[in-house]
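If you want the building blocks of each chain, they are given just below.
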Amino acid sequence: MLTLYHAPFSRSSRIVALIDELGLQDRVHIEPVTVPRMDGGGGRDPKNPHPEGKVPLLVHDGAMIRESTAIALYLAELAPEAGLAGPVGAPDRGTFLSWLAWYSGVLEPVIVFTLCEMDHPVLATTFRGLPEAIDRLAVALHGQPYLMGDDYTVADLIIASTFSTLPQVMPENPDIQGWVSRCANRPAMKRAVAYDAELMAATA
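Since we're looking at a predicted model, the values are computed, not measured.

### Quick look at the packing of helix H5 (residues 130–141) against helix H7 (residues 174–184)
Any two packed helices are characterised by how steeply their axes cross, that is the angle between the axes, and by the distance between the axes.
Move 1: Here H5 crosses H7 at 75°, and the two axes come no closer than 8 Å. In terms of their interaxial angle, H5 and H7 are classed as roughly perpendicular. Here H5 contributes Ile134, Leu137, Ala138 and Leu141 to the contact with H7, which in turn contributes Asp175, Ile176 and Trp179.
Move 2: Of the residues that constitute the contact of H5 with H7, the class distribution is six nonpolar, no polar and one charged.

Given below as structure tokens:
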């Protein structure tokens, strides 16, 4: 059995959209939970087994899978027919996996540093900055709709969702803006947003 612990309008929302994209709605039970919110609302939910009380958390027959990129890849590989797990067995597999690792290891930290106005030579040397990250995305997306070319993958879902939820870091680049819009307007993502709105209304 698969259970996703999910808080509406959080990082787990993109995993809800992915479950829809993959056609796994009948295999994954979504368990709504609360999490601490930046505005001081919410709080840790005792029914959420995540060791830090965070979301998303996927539990598969008792085994916990944490972190968005790991969960996204895990689910996508359960439904290979959907084609969202990247080009398995092909040379481009490395490019796909690199985008997922880059999101967790570079882009997310750089965005956090930017929002917190943190600046230090070690950070700049290790991660570079948001302008460099934006340039890398811009080069990759120029002349093609998605990071892997014509094919939408979990790399697009994970990375583009960051700019959808944090519009203050959206660059003035038409290739990136078009890509974020394409990803946000996919039917599964729109259904996930509507589902979250229903959850929030039910607890209001």
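### Here's the deal with the environment of Ser104
Move 1: Secondary-structure assignment places Ser104 in helix H3 (residues 93–115).
Move 2: Note: C-alpha distance between Ser104 and Ile159 (55 residues apart in sequence) is 9.3 Å.

### Looking at the environment of Val110
Move 1: With respect to the helices, strands and loops of the structure, Val110 is situated in helix H3.
Move 2: Through-space distance from the C-alpha of Val110 to that of Gly23 is 33 Å; in sequence the pair is 87 residues apart.
Move 3: If we skip the residues at most four places from it in the chain, Val110 touches Phe127, Arg128, Gly129 and Leu130.

### With respect to the layout of surface pockets
Move 1: Put simply, the largest pocket is a space of about 1,400 Å³.
Move 2: As for the largest pocket, its lining consists of 40 residues, of which Phe9, Ser10, Arg11, Arg14 and Thr165 are closest to the centre.
Move 3: Secondary-structure elements contributing two or more residues to the lining of the largest pocket are helix H1 (13–22), helix H2 (68–78), H3, helix H6 (154–165), H7 and helix H8 (187–203).
Move 4: Looking at the lining of the largest pocket residue by residue, the class counts come to 20 nonpolar, eleven polar and nine charged.
Move 5: Space inside the second largest pocket adds up to approximately 220 Å³.
Move 6: It is H8 that provides the largest number of residues to the lining of the second largest pocket, a total of three residues.
Move 7: For the lining of the second largest pocket, a count of residues per class yields six nonpolar, three polar and one charged.

### Examining the sheet that holds strand S3 (residues 57–60)
Move 1: Across the sheet, which stays open at both edges, the four strands sit in the order S2-S1-S3-S4 with mixed pairing between neighbours. Here the strands that pair on one side only, and so sit at the sheet edges, are strand S2 (28–32) and strand S4 (63–66). Averaged over all pairs of adjacent strands, the angle between strand axes in this sheet comes to 25°, irrespective of strand direction.
Move 2: The sheet contact formed by S3 and S4 spans four bridges and is antiparallel. Along S4, the bridge assignment pairs Leu57 with Arg66.
Move 3: Docked against the sheet, H1 engages strand S1 (2–6) and S2, running at close to 145° with respect to S1.

Calculation criteria
Residues numbered from 1 in each chain as written. Predicted model: local features only at pLDDT ≥ 70, side-chain atom pairs only at ≥ 80, totals over all residues. Heavy atoms only, no water. Axes fitted to C-alpha atoms, helices over the stretch in contact; angles between N-to-C directions. Helix = DSSP H or I, 4+ residues; strand = E, 2+ residues; numbered from the N terminus. Parallel < 35°, antiparallel > 145°, perpendicular 65-115°, else oblique. Contact = heavy atoms within 4.5 Å. Nonpolar A, V, L, I, M, F, W, Y, C, P; charged D, E, K, R; others polar. 1 Å grid on protein atoms, 1.4 Å probe; cavity = no way out; pocket = protein on both sides within 12 Å on 5 of 7 lines; lining within 4 Å. Points joined across faces, edges and corners; volume = space filled by probe spheres on them. Pairing = 2+ DSSP bridges.

Function cannot be read off these values alone, since they describe shape.
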